[in-house]
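Each chain, letter by letter, is given below.
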Amino acid sequence: MGFKKIQLSELNFNPFDLIGKDWMLLTGGNSESFNTMTASWGQMGILWGKPVMTCYIRTNRYTYEFVEKGDCLTASFFGEQYRDVLKFCGANSGRDCDKVSETGITPTELDGCVGFKEAKMVLVCKKLYTYDMCSEEFVPSAKGFDQQFYSSDPYHKAYICEITGAYIKE
């Protein structure tokens, strides 16, 4: 079973559920060298007249190195039967293990980027703009967020990416 490339206008999902509840694998690199990580934070919408997805990656994550080097990344979304795969990829570093062999997921190249054959949907994203999150930019009404989310972990780097391809399972 392969993927079918579709128009973004054909997609129909709730982004709050898709990202926040279902989670996703963010993958940077190419078919020769890549890493993936689980993410449950992000946004989708229109910016600069383009369909975009904003992803957040902590600078200490192994995937960060791959996303930094390349022009694109993917967001792969799975059915509930892959929840253990997502948990594993979020709790383990690609520096210490081979996530593909540990979980049994199968990498596949889509538009020069890496997604996974088991995903129900893969979005291919081209980086447009990045910024580093920092404590100074929290507004007064968000007092405590910096300590709640960054007391022991580094801040995220945000990647605003154009969604250049949408693939669904055939």
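We now turn to the structure provided with this report. Bear in mind that the values here come from a model prediction, so they are computed numbers and not experimental data.

Reading the values: rules and limits
- Residues numbered from 1 in each chain as written.
- Predicted model: local features only at pLDDT ≥ 70, side-chain atom pairs only at ≥ 80, totals over all residues.
- Heavy atoms only, no water.
- Helix = DSSP H or I, 4+ residues; strand = E, 2+ residues; numbered from the N terminus.
- Rg over C-alpha atoms; globule rule 2.2 N^0.38 Å.
- Contact = heavy atoms within 4.5 Å.
- Areas by Shrake-Rupley, 256 points an atom, 1.4 Å probe, with all protein chains shown as cover.
- Lys, Arg positive; Asp, Glu negative; His and termini not counted.
- Charge placed at Lys NZ, Arg CZ, Asp CG, Glu CD.
- Salt bridge = Lys/Arg side-chain N within 4 Å of Asp/Glu carboxyl O.
- Buried < 20%, exposed > 50% of the residue type's maximum accessible area, 1.4 Å probe, protein only.
- Phe/Tyr/Trp six-rings, centres within 6.5 Å; stacked < 30°, edge-to-face > 60°.
- Lys NZ or Arg CZ within 6 Å of the ring centre and 35° of its normal.

**Here we look at the overall build of the chain**
When its secondary structure is counted, the chain shows five helices and 10 strands. The C-alpha radius of gyration computed for the chain amounts to 16 Å, which stays within 12% of the reference 15 Å derived for 170 residues, consistent with globular compactness. Projected onto its principal axes, the C-alpha positions of the chain cover 50 × 40 × 30 Å. Contacts in the chain between residues far apart in sequence, at least 24 positions, make up 74% of those at least 6 positions apart. In the structure as shown, the chain presents an accessible area of about 9100 Å², 48% of it carried by carbon and sulfur atoms. Where the 18 positive side-chain charges of the chain centre and where its 22 negative ones centre are 2 Å apart.

**What about the pattern of salt bridges?**
Considering all chains together, one arrives at six salt bridges under this definition. The salt bridge partner of Asp-17 is Lys-21, with a shortest N-O separation of 3.4 Å. With Asp-17 and Lys-21 both in helix H1 (residues 15–21) and four residues apart, the pair spans about one turn of that helix. Taking the relative accessible area as the measure of exposure, Asp-17 reaches 28% and is therefore partly exposed. Judged by its relative accessible area of 55%, Lys-21 is exposed. Where Glu-162 meets Lys-50, a salt bridge forms, and the shortest distance between an N and an O atom there is 3.9 Å. On the criterion of sequence distance, the pair formed by Glu-162 in strand E10 (residues 156–169) and Lys-50 in strand E5 (residues 50–58) is long-range, its members being 112 residues apart. Among the residues examined, Glu-162 registers a relative accessible area of 17% and is labelled buried.

**As for the packing of aromatic side chains**
With the rule as written, the count across this model stands at nine aromatic pairs. The interplanar angle of 80° and the centroid separation of 5.4 Å between the aromatic rings of Trp-41 and Phe-149 together place this pair among those described as edge-to-face. Of this pair, Trp-41 sits in the loop between strand E3 (33–39) and strand E4 (42–47) while Phe-149 is found in helix H5 (residues 145–150), placing the two residues 108 residues apart along the sequence. Since its relative accessible area comes to 29%, Phe-149 is described here as partly exposed. Residues Trp-48 and Tyr-129 carry aromatic rings whose centres are separated by 6.0 Å and whose planes lie at 65° to one another, so their mutual orientation is edge-to-face. Taken together, the residues span a long stretch of sequence, with Trp-48 in the loop between E4 and E5 and Tyr-129 in strand E9 (residues 121–132) at a distance of 81 residues. Taken together, the ring pairs in this structure connect Trp-41, Phe-138, Phe-145 and Phe-149 into an aromatic cluster. In this structure, Lys-69 packs its charged tip against the face of Phe-66, placed 5.9 Å from the ring centre. Its end group placed over the ring of Trp-23, Arg-83 keeps NZ or CZ at 4.1 Å from the ring centre.

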